[in-house]
Amino acid sequence: MHISTNLWIWIQALLTLAIFTFLYKDNPLFRMAEHLFVGLATGYGLVVVYKNAFYPNVWVPLFQEKQFIFIIPFVLGLLYLTSAFPKISYMIRWPMAVLLGIGSGLSIPLTIQTYIIEQSKSSILRPPYSNLISWINALILFVGVVSVLVYFYFSIPHDRPGVKQISKVGLFLLMLGFGASFGYTVMARFSLLVGRLDFLLNKWLGIRPF
Amino acid sequence: MSVRDFFIRLSKIDRKYIYLVILIGLIIPLIFPPHFPQKMSPQVKRVFEYIDTLPKGSYVILSADYDPSVAPEVHPMYKAVVKHCILRGVIPIGMTLGVQGAGLALDAFTEAEKVLGARRDTDYVFLGYQAGGAVVILGLGEDIKSVYKTDYFGTKTTDIYALKPVKNYRDIALVISFSGSAIPATWAVYAYTKYGVKVAAAVTGVSAGDFYPYIQAGQFIGMLAGMKAAAEYEDAVNRILKEKGIGKFSTSAIRMMDANSIGQLLIILFIIIGNIGYFLSRRRK
Amino acid sequence: MRPLLEKKIPLALVFIIGIIMTLQYFVPHPISQTIYDNSLMWDRAIASMAYIMAIVSFLRFHSRRLKDKNYAPYSLVAILSFAAMVLIGFIGGTGSDSLFQKMYDNMMVPLQATTFSLLAFYMSSAAYRAFRIRGIEATVLMITAFIIIFGTTTIGNYVPKMNEIVEWIMAVPNLASKRGIMIGVGLGVVATSIKIILGIERNWVGG
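Sequence positions are assigned chain by chain, starting from 1 and proceeding in written order. Whichever chain is written first becomes A and whichever ligand is written first becomes 1, with later ones labelled in order. Side-chain atom pairs in this predicted model are given and counted only at pLDDT of 80 or more, local residue features only at pLDDT of at least 70, and totals for whole chains, interfaces and linings cover all residues.

Secondary structure elements follow DSSP: runs of H or I no shorter than four residues count as helices, runs of E no shorter than two count as strands, and numbering proceeds from the N terminus. Note on placement: A:Ile112 falls in helix 4 (residues 93-123). Burial is judged by counting the other C-beta atoms within 10 Å of a residue's own C-beta: 20 or more makes it buried, 12 or fewer makes it exposed, and any count in between marks it as partly exposed, with every C-beta position built from the backbone. A:Ile112 gets classed as partly exposed once you count the C-beta atoms within 10 Å, which come to 17. Along the sequence, A:Ile112 and A:Thr82 sit 30 residues apart, while their C-alpha atoms lie 36 Å from each other. It is the C-beta atoms, placed from the backbone, that decide contacts: two residues are in contact if theirs lie within 7 Å. Excluding its chain neighbours within four sequence positions, the residues that come into contact with A:Ile112 are A:Ile117 and C:Val190.

Shown next as structure tokens:
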């Protein structure tokens, strides 16, 4: 066991342990660590956004390359500052409107293509299939997608004969899907904890794996 | 105390004992790793083989759209893919749509410099963060250098040697979105659907199940899902490093996956014990 | 005057820009392409300044809490750490060997990663105390979960065909359920986008 003498490793370890104290109960040490994170994250974001996004996209074109058309997005962006003044804070809606308009407009045709057309195309039965397993898989897929869509279609009552049975199949498949997601989620959650424990044992306490 | 009473009491145990069992269950395999074998799963194989067979000098965009909250799962994948690209002479172009991904991506490229002697702007390019999300993805399809006028370090992209032959997605062989959320879907919507560039996803276990429809529809070429995929990819890259006589292997994901496996088995045990106690207490009533 | 500035102008902007951006997708003319390129540039420019709102909100919230003696020490830590990170980043640079990057790697990353790692404990506690098999649907969920949990361990590699079974569950029944949900989500996204453009959805302008 070779405990690290690196100051940064000790800072990492102490901050990790401060967060872990929450497992016992909420305490001032945990709150300090939490607020420290919030401050650091906000400051980090400001520096990266300024250097990588604002400076090359706004400052350089407007003030160095003298492309004066950029005064419009610059002024619209400055309107975000009005969020600090309740009387004129409605002005943040103007840059938001521009972003919403562009975003919504761009997304409509592409979303229809990606989520509806392509997905529906890939669910349709397209015989012949090369073997029995491919047939079964294609049938399960087709029946599954239709039954799940019927399950979520609430405009018709689900106690009607036919609809009831189809939506039961949909529910069965949904449970299968949620079980699969839960299984993967277990792996995901443990990964985060194992990552921190690995750091504490390996890097901080120097307990190398045997 | 009868067996029935034992299980009923066990199913109502205080949660601090549960936390203790979890801690011990994870610490032991980290100190005494069982070295379970790695076997590449089909989805990981698809992504690995795609990059492995790219011609030298191809370009791959690696978008670090994740943050430290999912780093133990996704960061080893990012590091492994960066190394794989550089080892095969493929030029990775690092970028991120989320502010916090910049630091993590930088860490991966710095490690590639130390382990493989990779040179910035020759063997790899790191563009950094850009605001706009979907709009950035669309902009890369028109002209990468007008979206990123400078790289992360402030160098003009028009002056970067490795980027000279690259204009837009037509010059990109593959885009991989590394994420802890639904951002890979945004790449499928805006990059694949409009520009036809090949996309793959590298995601956490939580969102893995949601991306299978994209794979079957051909919108993704494959997917790396969770720490198991990270361990498999890391193992494969270590074999390439061994082949090339470079001894600096990365084993973080492989080691952590062994401990993770024990943790997952503990969860199965907990659910079984909890339900035994539940059924026994119902019978008593 | 006020309703014009507060509601009518933003709604008009969304309508005009939304219609133009939807139609330009179908128009291959060079003017349409120019509109597309310029709108992407302007969007990136405006989006890069949206972070101002986050900063304003952060500073207002924590400076207000400085007056409350219960929260003052915590808010002071938040504001000082924000200021330190900003100064270090602008003065010292953001390269791989900079103090800025070291603070990111050794303070931000462990704090955020550890906060989310607590979920493993809560999930274990929930699995033990709350996950009960109460019907057929819950049984199906649990059996699938057990197969996937076991199959995604490296121990699962010892079991023949385990990888293939997991892949089949994910690629067929799971895919069917997720695709059904996805098509529904896609329809919802399109409907909401159209509602925003037409001004039917007005929550963002105060209803």
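As a measure of interface size, the accessible area lost when the parts come together is often cited. An automatic or database domain assignment is the source of the domain bounds shown. Under the domain assignment, chain B is made up of domain 1 (3-33 + 260-284) and domain 2 (42-250). Using only C-alpha atoms to locate each centre, domain 1 of chain B and domain 2 of chain B end up separated by 39 Å.

Next up on the list: the interface of chain B and chain A. Contacts between the two partners involve 47 residues from chain B, matched on the other side by 38 residues from chain A. For the side of chain B that touches chain A, the leading source of residues is helix 12 (residues 252-284) of chain B, giving 8 residues. Classifying every residue of the side of chain B that touches chain A gives 28 nonpolar, 14 polar and 5 charged. Gly is put with the polar residues, along with every residue not named as nonpolar or charged; the nonpolar set is Ala, Val, Leu, Ile, Met, Phe, Trp, Tyr, Cys and Pro, and the charged set is Asp, Glu, Lys and Arg.

What follows concerns the domain arrangement of chain C. According to the domain assignment, chain C contains domain 1 (1-53), domain 2 (66-117) and domain 3 (124-197). Between the C-alpha centres of domain 1 of chain C and domain 3 of chain C there is a distance of 39 Å.

Turning to the interface of chain C and chain A, a few remarks are in order. Contacts between the two partners involve 99 residues from chain C, matched on the other side by 93 residues from chain A. Counting residues per element, the ones that place at least two in the side of chain C that touches chain A are helix 1 (2-24), helix 2 (30-49), helix 3 (51-65), helix 4 (72-92), helix 5 (99-129), helix 6 (136-151), helix 7 (162-171) and helix 8 (173-198) of chain C. Per-element tally for the side of chain C that touches chain A: the top contributor is helix 8 of chain C, with 21 residues. Of the residues belonging to the side of chain C that touches chain A, the class tally is 69 nonpolar, 22 polar and 8 charged.

Strand residues, when the strand is regular, have side chains that alternate between the two faces of the sheet. All names here are of chain B. Where burial is concerned, most of strand 4 (residues 174-179) is hidden: 6 out of the 6 residues are buried. Alternating positions in strand 4 separate into two faces, Leu174, Ile176 and Phe178 on one and Val175, Ser177 and Ser179 on the other, with burial throughout. Direction of pairing for strand 1 (residues 59-65) relative to strand 4: parallel, over a ladder of 6 bridges. Along strand 4, the bridge assignment pairs Val60 with Leu174. In this scheme, strands are said to pair when DSSP sees at least two bridges between them. Pairing of strand 4 with strand 5 (residues 199-203) involves 5 bridges; the strand directions are parallel. Each bridged residue has a counterpart across the sheet, and for Phe178 the counterpart in strand 5 is Ala202. A clockwise course of the path from the first strand over the helix to the second, judged with the strands pointing away from the viewer, identifies a crossover as right-handed. Following the backbone out of strand 4, through helix 8 (residues 183-195) and into the adjacent parallel strand 5, one traces a crossover that is right-handed.

Here the focus is the sheet that holds strand 3 (residues 125-129) of chain B. All names here are of chain B. Read from one edge to the other, the open sheet built from 6 strands follows the order 3-2-1-4-5-6, with strand pairing classed as parallel. Edge positions in the sheet fall to strand 3 and strand 6 (223-225), since each has one partner strand and no second. Here the strands of the sheet are splayed against their neighbours by 15° on average, with no regard to which way each runs. Taken together, the 3 bridges between strand 5 and strand 6 define a ladder with parallel strand orientation. Within strand 6, the position partnered with Ala201 by the bridge is Met223. Taken strand by strand, helix 3 (residues 42-52) contacts strand 1, strand 4, strand 5 and strand 6, and its axis lies near 130° from that of strand 6. Axis definition: a line fitted to C-alpha atoms, over the contacting stretch in the case of helices. Angles run 0 to 180 degrees between N-to-C directions.

Residues and elements named next belong to chain B. For the pair helix 4 (residues 71-87) and helix 5 (residues 101-116), interaxial distance at closest approach is 9 Å and the crossing angle is 45°. Put simply, helix 4 runs oblique to helix 5. The handedness of the crossing between helix 4 and helix 5 comes out as right-handed. Contacts between helix 4 and helix 5 involve Ala71, His75, Tyr78, Lys79, Val82, Lys83, Ile86 and Leu87 from the former and Leu104, Ala105, Ala108, Phe109, Glu111, Ala112, Val115 and Leu116 from the latter. Classifying every residue of the contact of helix 4 with helix 5 by side-chain character gives 12 nonpolar, 1 polar and 3 charged. Every angle not falling under 35 degrees, over 145, or within 65 to 115 is termed oblique; those three ranges are roughly parallel, roughly antiparallel and roughly perpendicular. By convention the crossing between two helices is left-handed if the near helix lies anticlockwise of the far one by an angle smaller than a right angle, and right-handed if it lies clockwise.

Attention now goes to unusual backbone geometry. Residues A:Pro127 and A:Pro128 are joined by a peptide bond in cis, for which omega reads 0°. If you trace the backbone, A:Pro128 turns up in the loop between helix 4 and helix 5 (132-151). Residue B:His35 is not a glycine yet carries a positive backbone phi of 55°.

Quick look at the environment of B:Leu174 now. Residue and element names in this part refer to chain B. Within the fold, Leu174 resides in strand 4. With 58 residues separating them in the primary sequence, Leu174 and Glu232 have C-alpha atoms 20 Å apart. For Leu174, the contacting residues outside a window of four places in its chain are Tyr50, Ile51, Val60, Lys198 and Ala200.

Okay, the packing of helix 2 (residues 28-64) of chain A against helix 4 of chain C next. At a minimum axis separation of 7 Å, helix 2 of chain A and helix 4 of chain C run at an interaxial angle of 30°. One element, helix 2 of chain A, and the other, helix 4 of chain C, form an angle in the roughly parallel class. Handedness of the helix 2 of chain A/helix 4 of chain C crossing: right-handed. Contacts between helix 2 of chain A and helix 4 of chain C involve A:Arg31, A:Met32, A:His35, A:Leu36, A:Val38, A:Gly39, A:Leu40, A:Thr42, A:Gly43, A:Tyr44, A:Leu46 and A:Val47 from the first element and C:Tyr74, C:Ser75, C:Val77, C:Ala78, C:Ile79, C:Leu80, C:Ser81, C:Phe82, C:Met85, C:Val86, C:Gly89 and C:Phe90 from the second. Split into classes, the residues belonging to the contact of helix 2 of chain A with helix 4 of chain C amount to 16 nonpolar, 7 polar and 1 charged.

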